[in-house]
There are 2 protein chains.
Amino acid sequence: MARSPLTREAVLAAAAELVRRHGPAALTMRKLAAELGTAVTSIYWHVGNREQLLDALVERTVRDMGGAVRPAGRTPAERIVSVARTMRRELRERPHLIAMVHERGLTDRMFLPAQRALVAEVRAAGLSGARAADAVRAVQFQVVGFVLVERNRERSPVQSPGEGELWEPAAAPDDPDLARALARPADPERLFVLSVRALTEALLAGG
Amino acid sequence: MARSPLTREAVLAAAAELVRRHGPAALTMRKLAAELGTAVTSIYWHVGNREQLLDALVERTVRDMGGAVRPAGRTPAERIVSVARTMRRELRERPHLIAMVHERGLTDRMFLPAQRALVAEVRAAGLSGARAADAVRAVQFQVVGFVLVERNRERSPVQSPGEGELWEPAAAPDDPDLARALARPADPERLFVLSVRALTEALLAGG
DNA sequence: ACCTGAACACCGTTCAAGT
DNA sequence: ACCTGAACACCGTTCAAGT
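Residues numbered from 1 in each chain as written. Chains lettered and ligands numbered in written order. Predicted model: local features only at pLDDT ≥ 70, side-chain atom pairs only at ≥ 80, totals over all residues. Heavy atoms only, no water.

The feature "DNA-binding region" (unreviewed entry), as given by UniProt, occupies residues 28-47 of chain A in the numbering adopted here. Secondary structure across residues 28-47 of chain A divides into 80% helix and 0% strand, with the first and last C-alpha atoms of the span separated by 14 Å. (UniProt positions renumbered as here; feature names shortened; annotations may be inferred. Helix = DSSP H or I, 4+ residues; strand = E, 2+ residues; numbered from the N terminus.)

Applying the stated criterion across every chain, the model contains 44 salt bridges over all chains. A salt bridge links Glu9(A) to Arg60(A); its shortest N-O distance comes to 2.6 Å. On the criterion of sequence distance, the pair formed by Glu9(A) in helix 1 (residues 8-22) and Arg60(A) in helix 4 (residues 50-65) is long-range, its members being 51 residues apart. With a closest N to O distance of 2.9 Å, Arg92(B) and Glu154(B) form a salt bridge. Highlighted residues: Arg92(B) in helix 5 (residues 76-92) and Glu154(B) in helix 8 (residues 129-155), separated in sequence by 62 residues. The exposure class assigned to Glu154(B) is partly exposed, which follows from its relative accessible area of 38%. Through salt bridges with shared partners, one network takes in Arg85(A), Arg88(A), Arg92(A), Glu150(A), Glu154(A) and Glu189(A). (Salt bridge = Lys/Arg side-chain N within 4 Å of Asp/Glu carboxyl O. Buried < 20%, exposed > 50% of the residue type's maximum accessible area, 1.4 Å probe, protein only.)

What follows deals with the UniProt feature "domain: HTH tetR-type" (unreviewed entry) in chain A. The positions that UniProt labels "domain: HTH tetR-type" (unreviewed entry) are, in the present scheme, residues 5-65 of chain A. Taken end to end, residues 5-65 of chain A comprises 77% helix and 0% strand; its first and last C-alpha atoms sit 30 Å apart.

Once that is clear, we can look at helix 1 (residues 8-22) of chain B. All names here are of chain B. For helix 1, spanning 15 residues, the distance from its first C-alpha to its last is 21 Å, which sits close to the expected 21 Å at 1.5 Å a residue. Listed in full, the buried residues belonging to helix 1 are Val-11, Leu-12, Ala-14, Ala-15, Leu-18 and Val-19. Considered in projection along helix 1, the buried side chains sweep an arc of 165° and stay on one side of the axis. Residues of helix 1 that are buried in the fold lie against helix 2 (29-36), helix 3 (40-47), helix 4 (50-65) and helix 6 (95-103). Immediately downstream of helix 1, the backbone of Gly-23 shows phi near 90°, a positive value. (Expected span 1.5 Å × (residues − 1). Arc of directions from axis to C-beta. Contact = heavy atoms within 4.5 Å.)

Positionally, Arg153(A) belongs in helix 8 (residues 129-155). Residue classification places Arg153(A) among the buried residues on the basis of a relative accessible area of 17%.

Looking at the secondary structure, you find His102(A) in helix 6 (residues 95-103). Setting aside residues up to four positions removed in sequence, His102(A) forms contacts with Thr107(A), Leu148(A), Leu148(B), Val149(B) and Asn152(B).

Attention now moves to the interface of chain A and chain B. On the chain B side, the residues contacting the 60 residues of chain A number 60 residues. Roughly 5300 Å² of surface becomes buried between chain A and chain B when both sides are summed, with 59% attributable to carbon and sulfur atoms. When the buried area of chain A at its contact with chain B is split by residue, Arg123(A), Arg137(A) and Phe141(A) rank highest and sum to 14% of it. Counting every contact that joins chain A to chain B gives 17 residue pairs in polar contact (both at pLDDT 80 or more). (Buried area = accessible area lost by both parts, 1.4 Å probe. Polar contact = N/O pair within 3.5 Å; in protein donor to acceptor, adjacent residues only side chain to side chain.)

Moving on: helix 5 of chain B. All names here are of chain B. Relative to the 24 Å expected for 17 residues at 1.5 Å per residue, helix 5 spans 24 Å between its end C-alpha atoms, a close match to the ideal helical length. Buried residues dominate helix 5, accounting for 12 of its 17 residues. All buried positions along helix 5 are accounted for by Pro-76, Arg-79, Ile-80, Val-81, Ser-82, Val-83, Ala-84, Thr-86, Met-87, Arg-88, Glu-90 and Leu-91. Those residues of helix 5 that are buried are in contact with helix 4, helix 6, helix 7 (107-124), helix 8 and helix 11 (188-204).

Glancing now at the relation of the copies chain A and chain B. In summary, the two copies of the chain are related to each other by a rotation about an axis coupled with a shift along it. Between chain A and chain B, which share one sequence, the superposing operator has a rotation angle of 180° and an axial displacement of 0.0 Å; the RMSD is 0.1 Å. Considering both components of the superposition, the chain copies are consistent with a two-fold axis. Considering only C-alpha atoms, the residue of chain A closest to the rotation axis is Gly145(A), which sits at 1.7 Å. Taken as a fraction of all interface residues of chain A, those also at the interface in chain B reach 100%, which identifies the copy contact as same-surface. (Least-squares fit on C-alpha atoms with pLDDT ≥ 70 in both.)

What follows deals with the environment of Arg20(B). Residue and element names in this part refer to chain B. Checked against the element boundaries, Arg-20 lands in helix 1. Exposure remark for Arg-20: the relative accessible area of 54% places this residue in the exposed category. A C-alpha to C-alpha distance of 7.9 Å links Arg-20 and Arg-94, two positions 74 residues apart in sequence. Of note is the side chain of Arg-20, whose polar atom sits 3.1 Å from the side chain of Glu-17.

Attention shifts here to the protein's contact with DNA strand D. Near DNA strand D there are 19 residues, and of these Arg30(A), Thr41(A), Thr41(B), Trp45(B) and His46(B) occur at the shortest range. Of all DNA strand D atoms lying within 4 Å of any protein atom, the proportion belonging to sugar or phosphate reaches 47%. With respect to DNA strand D, the side chain of Ser42(B) contributes an N or O atom lying 2.7 Å from a phosphate oxygen. With respect to DNA strand D, the side chain of His46(B) contributes an N or O atom lying 2.4 Å from a phosphate oxygen. Secondary structure elements with two or more residues in the surface near DNA strand D: helix 2 (29-36) and helix 3 (40-47) of chain A together with helix 3 of chain B. The element that contributes the greatest number of residues to the surface near DNA strand D is helix 3 of chain B, accounting for four residues. Counted by class, the surface near DNA strand D contains eight nonpolar, seven polar and four charged residues. (Near = heavy atom within 4 Å. Nonpolar A, V, L, I, M, F, W, Y, C, P; charged D, E, K, R; others polar.)

What follows is the structure, given as structure tokens:
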């Protein structure tokens, strides 16, 4: 298809599109070359090897994610929750990339703009020094961890033996509501907000 | 080396050893066959294909992890933290397997014994019904998510641009202690306990 | 400076053939 | 019932050769 001279940009764009549509496993050098209408080896000249190609891809995504952070809310706690929700949304919009960011150990870099915002809010709530740093990191780990667990859970919808099967039989002896709630699939959005809110309130309050 | 008749058990054991020593990527059917001293195709007869082999491997690990859960402490909150620490320790003892469990969406199954314990503690703290279920799940997500983030962070020790470089320049303008704390690498054990404790206290307290 | 095909060393999996 | 080698369709990467 493309016969204009191959550029690094064109390679990255085609690679990103391939990942977006079919996941990282589908990104092979040979398929990518076919997509671009060039020889496999041309790709190597422009972006190095596969590993470096993936690095470049991740890097460019991470840069894109910074802009979205706009704390909203009347209290520091509310604004922290809003930042957490934004990060979750941004991550979920790039379902394949987030696993790649994770594998490459770039979560810190990715989280940096959000971290700045969190620092401001934590200080506004009256924390400082090491305690403030702990609070920021706790929220950061919470958000990234939650999204990872959640993402994974979606990929394999019914777990064998699903939670359901194991809660019928007297696991929560005299609390059928609890048993039923655990048998139902979790509502991730609700659970996320609930968790972040709880963690944040405890961190901002006493020690 | 091995010339006694090949068994499913022998294949699984050799595969587990290979993963333990060199990680999941090193587990190729051909290397495994070489290790066992058989033809590659014999493996297929005993365990099906590579995917099924990995499934079996993960399944057996998950079974092993249930026994360790023994809640300890004087209050429900303390006992929940103790369960969380146990799960973290168990997961960290199997660094390669946990990623595989995660990829296969078996975290629920893996967490089941711990979940039972958490249910008991949450009820002992006075929660019931859907609220109790939320608390259990929040802790579960927190623990699994934390360990995933932590594991990943260890694999790529210095992130580029590390947190360090970006906190010197007036990021936390008038709090040098905070800036320094964020520039230092996090102490995961401490951060973990701090996070779980905060989350737990908030969940068990008001709504 | 850029692109190419051939070649190498790996994969997982299937299959017909052996005992 | 179990094991085998040959073969197929894929990989990523290197390299000498082209323009």
